[in-house]
Amino acid sequence: VFADVYLLQCKLLPVATRLAEDRAPSVRLAVAAQCDRLCGALGEHWSSVIIDVLLALLQDADERVRSEAVLCVPRFSEIVLMTSAPGAPINDVSVLEALLPAALMLQKDKSSSVRVSLATAAGELLTLLVGLQSLEETAGRGDTTAESGSVSKLKKHVDDVLIPLVQSLLHDKDPEVTSSA
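Residues numbered from 1 in each chain as written. Predicted model: local features only at pLDDT ≥ 70, side-chain atom pairs only at ≥ 80, totals over all residues. Heavy atoms only, no water.

A.B. asks: Before we move on, can you summarise the overall build of the protein chain with the specific residues and values?
C.D. replies: The helix and strand tally for the protein chain stands at 8 helices and 0 strands. Along the protein chain, helices and strands appear, N-terminal first, in the series α-α-α-α-α-α-α-α. Residue burial in the protein chain is summarised as follows: out of 181 residues, 41% are buried. Partitioning the contacts of the protein chain with sequence separation of at least 6, the portion at a separation of at least 24 is 68%. Per element, the accessible surface of the protein chain, about 9,400 Å² overall, is 59% carbon and sulfur. (Helix = DSSP H or I, 4+ residues; strand = E, 2+ residues; numbered from the N terminus. Buried < 20%, exposed > 50% of the residue type's maximum accessible area, 1.4 Å probe, protein only. Contact = heavy atoms within 4.5 Å. Areas by Shrake-Rupley, 256 points an atom, 1.4 Å probe, with all protein chains shown as cover.)

A.B. asks: Account for the packing of helix α3 (residues 47-58) against helix α4 (residues 63-81), with residues named and values stated.
C.D. replies: Two elements in contact, α3 and α4, have axes separated by 8 Å at closest approach and are oriented at 155°. Judged on the interaxial angle alone, α4 and α3 are roughly antiparallel. You can see that α3 and α4 cross each other, and the crossing is left-handed. Contact residues: Ser47, Ile50, Ile51, Leu54, Leu57 and Leu58 in α3; Val65, Arg66, Ala69, Val70, Cys72, Val73, Phe76 and Val80 in α4. For the contact of α3 with α4, the class distribution of residues is 12 nonpolar, 1 polar and 1 charged. (Axes fitted to C-alpha atoms, helices over the stretch in contact; angles between N-to-C directions. Parallel < 35°, antiparallel > 145°, perpendicular 65-115°, else oblique. Left-handed = near helix turned anticlockwise from the far one by under 90°. Nonpolar A, V, L, I, M, F, W, Y, C, P; charged D, E, K, R; others polar.)

A.B. asks: I'd like to hear about the nonpolar core, residue by residue, with values.
C.D. replies: Membership of the largest hydrophobic core comes to 49 residues, with the highest contact counts inside it found for Leu57, Phe76 and Leu96. Ranked by residues supplied to this core, first place goes to helix α6 (residues 112-139) with 11 residues. Each residue touching Leu96, except ones within four places of it in the same chain, is listed here: Ser77, Leu81, Pro101, Leu125, Leu129, Leu154 and His157. (Core = buried A, V, L, I, M, F, W, Y, C linked by side-chain atoms within 4.5 Å.)

A.B. asks: How would you summarise the pattern of salt bridges if you had to cite specific residues and measurements?
C.D. replies: Enumeration over the complete set of coordinates arrives at 7 salt bridges. The salt bridge involving Arg75 is made with Asp36; its shortest N-O contact spans 3.0 Å. In this pair, Arg75 is assigned in helix α4 and Asp36 in helix α2 (residues 25-42), connecting sequence segments 39 residues apart. (Salt bridge = Lys/Arg side-chain N within 4 Å of Asp/Glu carboxyl O.)

A.B. asks: Explain the side chain of Gln133 residue by residue, including any values.
C.D. replies: Note on placement: Gln133 falls in helix α6. Filtering out sequence-adjacent residues up to four positions away, Gln133 remains in contact with Val151, Leu154, Lys155 and Val158.

A.B. asks: Explain the packing of helix α1 (residues 2-20) against α3 to me, using residue names and the numbers behind them.
C.D. replies: In contact at an axis separation of 10 Å, α1 and α3 are set at 5° when each is read in the N-to-C sense. When the interaxial angle is binned, α1 and α3 end up roughly parallel. Here Leu13, Thr17 and Ala20 of α1 come into contact with α3, specifically with Val49, Ile50, Val53 and Leu57. Residue composition of the contact of α1 with α3, grouped by class: 6 nonpolar, 1 polar and no charged.

A.B. asks: Give me the environment of Cys39: which residues, what numbers.
C.D. replies: Mapped onto the elements, Cys39 comes out in helix α2. Under the relative-accessibility criterion, Cys39 is labelled buried at 1%.

A.B. asks: If you had to explain helix α5 (residues 94-104) to someone new, which residues and values would you point to?
C.D. replies: Two residues of an α-helix separated by three or four positions point the same way, owing to the 3.6 residues in each turn. Looking only at α5, the buried set comprises Val95, Leu96, Leu99, Leu100, Ala102 and Ala103. The buried side chains of α5 occupy one side of the element, clustering within an arc of 165° when seen end-on. (Arc of directions from axis to C-beta.)

A.B. asks: Describe in detail the environment of Thr17, supporting the description with residues and values.
C.D. replies: Position of Thr17 among the secondary structure elements: in helix α1. Take Thr17: its relative accessible area is 27%, and that puts it in the partly exposed class. C-alpha separation for the pair Thr17 and Arg28, spaced 11 residues apart in sequence, amounts to 9.8 Å. Among all residues touching Thr17, those that are not within four sequence positions of it are Val49 and Val53.

Structure follows, in structure tokens:
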């Protein structure tokens, strides 16, 4: 049974990749909206491939696709980060290291709707990471091994990336962006 599931996953991933490169923006938009579900269905094992798809969608020519892709970043990150066992350290913060730089590029996007989506996504990521930090600190009281390392990595993303991003978006020229931040 496991072999059948794995084979199905191997067949589905190239289809999703091709759809993310489709000429029709509506198809790419649909893929951008479902990257988190794709990761949830295929499993964390395939997250690096889906990260590549999401990175391409964050740089798409169509503003609706970029907007939807950036809104997917917090949901996708949550799935990858939450795949660790309860009480275990956060699974893999490399998802943040891969996606945040591409998302940060959108703060200068010419489309205000993309910047509004970025502000919304930044707020959701901030909430997620602060919550995960609290969970890790509670679960790892007195433990100074892997848990403290993942907490410090989460804190670094909050302090060095997300808070400055939100502060920057609060000074955006579009009032809709500032109200979303």
